Amino acid sequence: MGKKQSLIKQKEAREIADKLEKDSSVQTSIRTGRGHDIVTVRRDTELLATFGIRRSKSEGHGYIPKSMHLSERQTLDFARCSITVTEWLNVYHKRSQSHA
Amino acid sequence: MNMPVGTIWAYAGATEAVSINHGLVAVFRYSTPLFVSDTRKPNTMAIVSLDEFGYELKQTIPVVIEVLGDEFIAEFQEASIATSGSSVLDAVRSLKSLLIDLFEVLSNETRLGPYPRAQLASLRRYIGEKAKPD
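Residues numbered from 1 in each chain as written. Chains lettered and ligands numbered in written order. Predicted model: local features only at pLDDT ≥ 70, side-chain atom pairs only at ≥ 80, totals over all residues.

**Comments concerning the interface of chain B and chain A**
Consideration 1: Contacts between the two partners involve 28 residues from chain B, matched on the other side by 30 residues from chain A.
Consideration 2: A class-by-class count of the residues in the side of chain B that touches chain A yields 14 nonpolar, 8 polar and 6 charged. (Contact = placed C-beta atoms within 7 Å. Nonpolar A, V, L, I, M, F, W, Y, C, P; charged D, E, K, R; others polar.)

And the structure:
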């Protein structure tokens with residue numbers, strides 16, 4: 001087993017989804033997938049980002065930073081509101097361009 | 001698809017079996033291969049079938065496994081799609097269903113931003129048409 005535990009738990013994953021849903025600068029929908037809730041984030045009808053939040057009893061959601069193109073620290077900051085949705089989308093765009 | 005054939009050495013579940021040959025480990029459900037792992041590259045696996053979702057697979061999907069505490073993270077790095085599970089098998093199963101969910105969501109969108117468009121292009125290199133029932 002790896003020594004380091006993820007700091008991103010189900011609670012933080014839900015906080016991220018709630019924050020996106022409440023932010024009026026984007027339109028966020030969460031639909032039920034096979035084993036995940038699928039989060040889609042739009043602005044002016046254009047789909048900007050999508051990722052899955054696993055519905056499971058297990059607490060660990062250590063994959064969320066990879067899906068959001070953030071570090072674990074930044075993901076926690078996003079969940080706890082010190083990074084805004086617009087700031088996240090800027091980082092997401094920049095990092096995703098280097099992947100695309 | 002060429003699959004390693006070897007001796008069944010462990011049961012991963014009531015209907016699943018693990019086969020090993022020349023360093024390759026394959027997990028089967030009945031006679032359908034689910035995924036393959038190369039024990040010489042312990043952090044990688046390959047998804048070799050999407051039969052359970054009714055989709056054709058154009059080529060095997062590479063999966064990178066990372067251990068984080070008691071979590072196993074499975075990632076399709078080309079499209080930065082990741083999820084986790086309580087075991088390697090659980091994580092890869094979970095990733096398969098997520099890949100199909102996102103493939104369907106992205107395929108049905110009319111206006112994709114740059115990165116979702118690139119993700120869909122990646123997924124389309126691996127996932128084919130929904131198989132027609134016999």
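**A closer look at the sheet that holds strand S2 (residues 36-43) of chain A**
Residue and element names in this part refer to chain A.
Consideration 1: Spatial strand order, S1-S2-S3: 3 strands in an open sheet with antiparallel pairing. Of all the strands in the sheet, just strand S1 (27-32) and strand S3 (46-54) have a single pairing partner and so form its edges. Neighbour to neighbour, the strand axes of the sheet diverge by 20 degrees on average, direction disregarded.
Consideration 2: Running at roughly 135 degrees to S1, helix H1 (residues 10-22) makes contact with S1, S2 and S3 of the sheet. (Pairing = 2+ DSSP bridges. Helix = DSSP H or I, 4+ residues; strand = E, 2+ residues; numbered from the N terminus. Axes fitted to C-alpha atoms, helices over the stretch in contact; angles between N-to-C directions.)

**Some thoughts on H1 of chain A**
Residue and element names in this part refer to chain A.
Consideration 1: Taking 1.5 Å per residue as the helical rise, H1 with its 13 residues ought to reach 18 Å, and the 18 Å between its terminal C-alpha atoms agrees with that figure.
Consideration 2: Regarding H1, the residues found buried are Ala-13, Ile-16 and Leu-20. The buried residues of H1 occupy an angular sector of 60 degrees when projected down its axis, which confines them to one face. Facing away from the buried side of H1 by more than 90 degrees, the exposed set consists of Lys-11 and Lys-22. (Expected span 1.5 Å × (residues − 1). Buried ≥ 20, exposed ≤ 12 C-beta atoms within 10 Å, placed from the backbone. Arc of directions from axis to C-beta.)

**Some points on the nonpolar core**
All names here are of chain B.
Consideration 1: Val-63, Ala-74, Val-92, Leu-95, Leu-99, Leu-102 and Leu-123 are the most contacted members of the largest nonpolar core, which totals 50 residues.
Consideration 2: Here this core takes 11 residues from helix H1 (residues 88-107), the largest share from any one element.
Consideration 3: Not counting residues within four places of it along the chain, the set of residues in contact with Leu-123 comprises Ala-79, Leu-99, Leu-102, Phe-103 and Leu-106. (Core = buried A, V, L, I, M, F, W, Y, C linked by C-beta atoms within 7 Å.)

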